[in-house]
Amino acid sequence: MPTRRLAADEAGIAEAGALLRAGQLVAIPTETVYGLGADASDPAAVAGIYAAKERPRFNPLIAHLPDLAAARREGVFGPDALSLAEAFWPGPLTLVVPLAVGGTVCDLARAGLPSVALRVPGSRLARDLLTAAGRPVAAPSANRSGRVSPTEVDHVLGDLDSRIAAILDGGSCPVGVESTIVACLDGPPVLLRPGGVPREAIEAVLGRDLALPSAPEGAAPVSPGLLASHYAPRAAVRLDATRIRPGEAALLFGPVPPDGLAGAALSLNLSPAGDLAEAASHLFAHLRRLDAAGPATIAVAPIPERGLGEAIRDRLARAAAPR
Ligand code: TXA
Ligand code: MG
């Protein structure tokens with residue numbers, strides 16, 4: 001069955017909500033990337049996500065909620081988690097917190113962990129859909145496992161057409177990189193994944209630096225989804241490139257020095273003005289477009305580490321990782 005494309009209006013939202021309640025898979029627009037949504041309380045529906053994505057089962061999912069009150073029924077919010085939720089929700093932040101007694105996010109969605117990842121998305125359309133669904137919606141990025149994350153309807157359909165019941169059409173995702181993930185368990189808050197909320201903004205609210213995940217040698221990673229090779233285009237990716245090599249396509253950032261990557265036959269600029277938010281919003285679409293031309297390698301210009309640059313560099317490093 002081809003995937004239905006639902007309009008971002010009252011009827012489309014109601015239909016998408018009904019499909020989710022019936023255990024179907026629906027791609028949902030958020031401000032970060034499109035999510036592949038299913039009822040997080042229904043193990044059979046959640047199993048459908050893993051099957052459609054061809055995703056390893058051990059990878060836990062984020063449960064999406066329409067507001068903080070709904071999130072507090074699923075997880076326990078200590079003082080740090082509460083300050084972060086109040087500062088950044090709705091928005092591109094995911095909080096990993098201890099499971100609440102009576103929480104409904106099923107074991108499979110949490111990959112059996114005693115914690116749960118919760119997010120109240122900034123997208124109004126997403127929150128309206130979550131309200132219509134009336135239950136937590138588990139949603140990883142709506143791409144096949146290991147592929148570049150989707151920020152447009154066509155990206156989702158290219159990977160998942162006929163594998164999911166419907167997509168709610170919200171146009172392009174304005175932030176363009178996934179949410180920042182912070183674990184607030186015991187001990188100081190830990191940055192599990194850089195993303196749409198810059199580290200600096202989170203540290204300003206907490207009044208201290210975020211800790212880094214500490215994984216003892218050989219132990220399972222704290223965030224099991226953070227496999228090195230992720231977001232992988234078909235082409236190889238070469239980071240911090242300053243000179244173009246034969247056969248390479250170029251992913252640029254900021255003004256292009258004439259003796260630098262300018263010689264590429266094919267190039268796209270993430271942000272000619274050097275704006276990191278603009279660059280994040282174009283990252284995955286540009287990677288997909290360059291990759292579609294079939295170059296052996298995509299050479300990527302240096303991108304600063306500050307603000308959203310940390311998330312952009314993280315995704316590019318994963319795209320460049322050996323696979
Ligand atoms: O912006 C986003 O976060 C998007 C949109 C759709 O909301 N979603 C997304 O989901 O990026 P996904 O599944 O691609 O990434 C979820 C990450 C994984 O790396 C997973 O390991 C981590 O969250 N995670 C989920 N539950 C966790 C838990 N209890 N403890 C630690 N990490 C967890
Ligand atoms: Mg993903």
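Residues numbered from 1 in each chain as written. Chains lettered and ligands numbered in written order. Predicted model: local features only at pLDDT ≥ 70, side-chain atom pairs only at ≥ 80, totals over all residues. Heavy atoms only, no water.

A. Quick look at the domain arrangement of the protein chain. Taken domain by domain, the protein chain consists of domain 1 (4-206) and domain 2 (236-320). Put simply, the middle of domain 1 and the middle of domain 2, counted by C-alpha atoms, are 28 Å apart. Each partner contributes to the interface: domain 1 provides 23 residues, whereas domain 2 provides 14 residues. When the two sides are added together, the surface that domain 1 and domain 2 hide from each other amounts to roughly 1400 Å², 56% of it contributed by carbon and sulfur. Of all residues in domain 1, the largest losses of buried area upon contact with domain 2 belong to Val148, Val177 and Pro194, amounting jointly to 36% of the total for that side. Along the contact surface separating domain 1 from domain 2 lie 3 salt bridges. (Domains from an automatic or database assignment. Contact = heavy atoms within 4.5 Å. Buried area = accessible area lost by both parts, 1.4 Å probe. Salt bridge = Lys/Arg side-chain N within 4 Å of Asp/Glu carboxyl O.)

B. Structural context of the environment of alanine 111. Relative to the elements of secondary structure, alanine 111 occurs in the loop between strand S5 (93-98) and strand S6 (115-119). Between the C-alpha atom of alanine 111 and that of asparagine 59, which follows or precedes it by 52 residues, the distance is 6.2 Å. (Helix = DSSP H or I, 4+ residues; strand = E, 2+ residues; numbered from the N terminus.)

C. Main features of the nonpolar core. Phe77 and Leu95 are the most contacted members of the largest nonpolar core, which has 48 residues in total. Looking at this core, the elements with two or more residues in it are strand S3 (35-39), helix H2 (43-53), helix H3 (68-72), helix H4 (79-88), S5, S6, helix H6 (153-160) and helix H7 (199-206). Not counting residues up to four positions away in its chain, the partners in contact with leucine 95 are Phe77, Ala81, Leu84, Ala85, Trp89, Val116, Ala117, Leu118, Val182 and Cys184. Counting residues in hydrophobic clusters, the runner-up holds 26 residues, among them Val177, Leu270, Ala279 and Ile298. (Core = buried A, V, L, I, M, F, W, Y, C linked by side-chain atoms within 4.5 Å. Buried < 20%, exposed > 50% of the residue type's maximum accessible area, 1.4 Å probe, protein only.)

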